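Reading the structure
Single-letter residue listing:
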Amino acid sequence: MQRAGLNPVADLRTLLALWRLFREVRPDVLFAYTIKPVIYGTLAAALAGVRHRVAMITGLGYAFTAGGASGRRTLAAVIARGLYRIALRRSTQVIFQNPDDRDLFGSLGLLDPRVPVNLVAGSGIDTAAFVPLPLAAQPHCLMIARLVRDKGVMEYVEAARIVRQLHPAVRFRLAGWIDENPTAVSQAQLDGWIAEGSIEFLGRLQDVRPALADCAIYVLPSYREGTPRTVLEAMACARAVVTTDAPGCRETVVDGDNGHLVPVADGRALAQAILGMLGRPALISQFGARGRQIAEEKFDVRKINRQLIEGMQLR
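These notes cover the structure that comes with them. Just so you know, these numbers come straight off a predicted model, no measurement behind them. (Residues numbered from 1 in each chain as written. Predicted model: local features only at pLDDT ≥ 70, side-chain atom pairs only at ≥ 80, totals over all residues. Heavy atoms only, no water.)

1. What to know about the side chain of Glu233
With respect to the helices and strands, the residue Glu233 is situated in helix 9 (residues 229-236). When its relative accessible area of 8% is taken as the criterion, Glu233 is described as buried. Beyond its immediate sequence surroundings of up to four residues, Glu233 is in contact with Ile125, Phe130, Val208 and Leu212. (Helix = DSSP H or I, 4+ residues; strand = E, 2+ residues; numbered from the N terminus. Buried < 20%, exposed > 50% of the residue type's maximum accessible area, 1.4 Å probe, protein only. Contact = heavy atoms within 4.5 Å.)

2. Comments concerning the side chain of Thr252
As for its placement among the helices and strands, Thr252 is situated in the loop between strand 9 (240-244) and strand 10 (259-262). Under the relative-accessibility criterion, Thr252 is labelled buried at 2%. Non-local contacts of Thr252, meaning those with residues more than four positions away in its chain, are made with Thr227, Pro228, Val231, Leu232, Met235, Thr243, Asn258 and Phe299.

3. A closer look at unusual backbone geometry
Excluding glycine, most residues fall at negative phi; most peptide bonds, likewise, are trans. Phi at Arg26 takes a positive value of approximately 55 degrees, unusual for a residue other than glycine. By the element assignment, Arg26 lies in the loop between helix 1 (8-25) and strand 1 (29-33). With a phi close to 75 degrees, Thr34 is a non-glycine residue in the positive phi region. By the secondary structure assignment, Thr34 is in the loop between strand 1 and helix 2 (35-48). We classify Thr34 as partly exposed; its relative accessible area is 37%.

4. Some details on the pairing of strand 2 (residues 52-57)
Within strand 2, 5 of the 6 residues are buried, which leaves it mostly tucked inside the rest of the structure. Relative to strand 2, strand 1 is paired through 5 bridges, and the arrangement is parallel. Counted as the bridge partner of Phe31 is Val54 from strand 2. Handedness of the crossover joining strand 1 and strand 2 through helix 2 is recorded here as right-handed. Across 4 bridges, strand 2 lies against strand 3 (residues 93-96) in parallel orientation. For Ile57, the partnering residue across the bridge sits in strand 3 and is Phe96. (Pairing = 2+ DSSP bridges. Right-handed = clockwise from strand over helix to strand, strands pointing away.)

5. A look at the pairing of strand 7 (residues 200-203)
As judged from the 3 bridges shared by strand 6 (residues 172-175) and strand 7, these two strands associate in the parallel manner. Bridge pairing in strand 7 links Leu174 to Phe201.

6. Digging into the packing of helix 6 (residues 153-166) against helix 7 (residues 187-196)
Taken N-terminus to C-terminus, the directions of helix 6 and helix 7 make an angle of 15 degrees; their axes are 12 Å apart at the nearest point. Classified by the angle between their axes, helix 6 and helix 7 sit roughly parallel to one another. In this structure, helix 6 meets helix 7 at a crossing whose hand is left-handed. Within the contact between the two elements, helix 6 uses Val153, Met154, Val157 and Arg161 and helix 7 uses Gln189, Trp193 and Glu196. Residue composition of the contact of helix 6 with helix 7, by class: 4 nonpolar, 1 polar and 2 charged. (Axes fitted to C-alpha atoms, helices over the stretch in contact; angles between N-to-C directions. Parallel < 35°, antiparallel > 145°, perpendicular 65-115°, else oblique. Left-handed = near helix turned anticlockwise from the far one by under 90°. Nonpolar A, V, L, I, M, F, W, Y, C, P; charged D, E, K, R; others polar.)

In short, shape yes, function no, at least from these values alone.
Here it is as structure tokens:
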């Protein structure tokens, strides 16, 4: 499966391959998430006679975000909406990770009123694997994401430049990789940021916990998410969070309680939020402790899995 490809012939091959697989395995339940598995997995499962077909919308992706929140400006968005409409009407249940995505899909007519719709608090986080970590003496910042514009990478770099003028000892670390997405940053851009000293690039990490241990403030200036897993990981590790007042992101942070929410695509506001924490170091540990509490109460993966299993009527 080509995650970001738009080749209809390749996608048709994917659909046929999934149909053959489902005919061979004959599963009782299909649980699909992200755009292509939801669309082609659900269609193939319906054609193969899989009885329960559950689609989970974990975010909108480039096809929607490239055209703004409504996704009405791009051909990719029009095609994605049409395919979603066909596939979701052949689902037996649709699950969303935030109410904004649910409401948008409803307003665009992508949901069949006869198909049950449920809401869960993301994919959850293992609070036994991600545990509170002691804060380092120097409050560094960290962002973990695919290096695409819609994740707010440009705003993170802008904020780093502003903050480091006043606090040159504060490091802005960036973990991730250059994506095949059309909005991906270039290698030349990344090399320039590293050369000027704005960021320290950690590359793609197999285990993010050591990077979280070295930071005090976790930053995700994303334009839109389902429910951002990296923020949940940071909260579980008792890290203060700065993220955007955007769908999905605003589900994780209560402004002034476990972090700060800033406007989308506003690097200066992002910098001011970080500077506010640096000016009041006690807030960092206070926000972190509260974030851990919220992770345990709302986002623990065992609770989320229980909701999913019960919703799919597997027990």
